[in-house]
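# Breakdown of the fold
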Amino acid sequence: MANGMFSSRKKSIREDLNDKASAVEDQIAELREELAALARSMADDAASGASSIRKKARAAKADARDTVRGLKNRADTDIRDMIAAGEDILSEFQSRYQDSGRKAREAVREHPLATLGIAAAAGFLLAGLLRR
């Protein structure tokens, strides 16, 4: 009978161990399912984040493109304005040059001897300065 008592006790210990092993396996299976769900959730979040980042990058690119176009248009306008101002200044210089030339020719015609005297005095003065 002693043998029977231990064998029944062995069976109950085995059954208890089997029950505990089964419970641990069930818990491991649940943990695996939870980890898989967590991994899916993280993958979905990453995909959503990447999509959001792509949208923001596209918006930034569009903003940069618009800013560059605005700057280019402004630069084109400023360059055109500067060219027009330069042409106006050049035209003014040309008219002053022509007017000065005309006045010089008139002065030579009206006062030829005075012009010759001024030219001779300037020549002597220049020659004196260059000798030193």
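What counts, and where the lines are drawn
Each chain has its residues counted from 1, following the order in which its sequence is written. Totals for whole chains, interfaces and linings use every residue, but because this is a predicted model, local features are given only for residues with pLDDT of at least 70 and side-chain atom pairs only at 80 or more, for both listing and counting. Water and hydrogen atoms play no part in the side-chain values, which are based on all heavy atoms of the structure. The helix and strand labels rest on DSSP assignments: H or I over at least four residues marks a helix, E over at least two residues marks a strand, and numbering proceeds from the N terminus. Note that the radius of gyration is over C-alpha atoms, with the globule rule given as 2.2 Å times the number of residues to the power 0.38. Using a 1.4 Å probe on the protein chains alone, a residue whose accessible area is under 20% of its type maximum counts as buried, one over 50% counts as exposed, and one in between counts as partly exposed. In this description, accessible areas are obtained by the Shrake-Rupley approach with a 1.4 Å probe, and a residue is regarded as covered only by the protein chains that are shown. Lys and Arg are tallied as positive, Asp and Glu as negative. Neither His nor the chain termini are counted. Charge placement uses NZ in Lys and CZ in Arg. For Asp and Glu, CG and CD serve respectively. Salt bridge, as applied in this entry: a Lys or Arg side-chain nitrogen positioned within 4 Å of an Asp or Glu carboxyl oxygen. Each patch is built from salt-bridge-free residues with over 30% relative accessible area, joining like charges within 9 Å and nonpolar side chains (Val, Leu, Ile, Met, Phe, Trp, Tyr) within 5 Å.

## Some points on the overall build of the protein
Regarding its fold elements, the protein presents two helices and zero strands. The C-alpha atoms of the protein give 51 Å as radius of gyration, which overshoots the globular expectation for 132 residues (14 Å, by more than 25%). Put simply, the protein has 132 residues, and 0% of those count as buried. Summed over its atoms, the accessible surface of the protein is roughly 12,200 Å², and 60% of this surface lies on carbon and sulfur atoms. On the protein, the mean spot of the 24 positive side-chain charges and the mean spot of the 21 negative ones are 7 Å from each other.

## A closer look at the pattern of salt bridges
Applying the stated rule across the entire model yields six salt bridges. The salt bridge partner of K20 is D16, with a shortest N-O separation of 3.7 Å. In this pair, K20 and D16 are both assigned in helix α1 (residues 2-110), four residues apart and thus about one turn of the helix distant.

## Here's the deal with a negative patch on the surface
On the surface, E25, D26, E30, E33 and E34 cluster together into a negatively charged patch. When you line up the elements, E25 lands in helix α1.

## So, the environment of V108
Relative to the assigned elements, V108 resides in helix α1. Counting along the chain gives 76 residues from V108 to R32, while the straight-line C-alpha distance between them is 111 Å.

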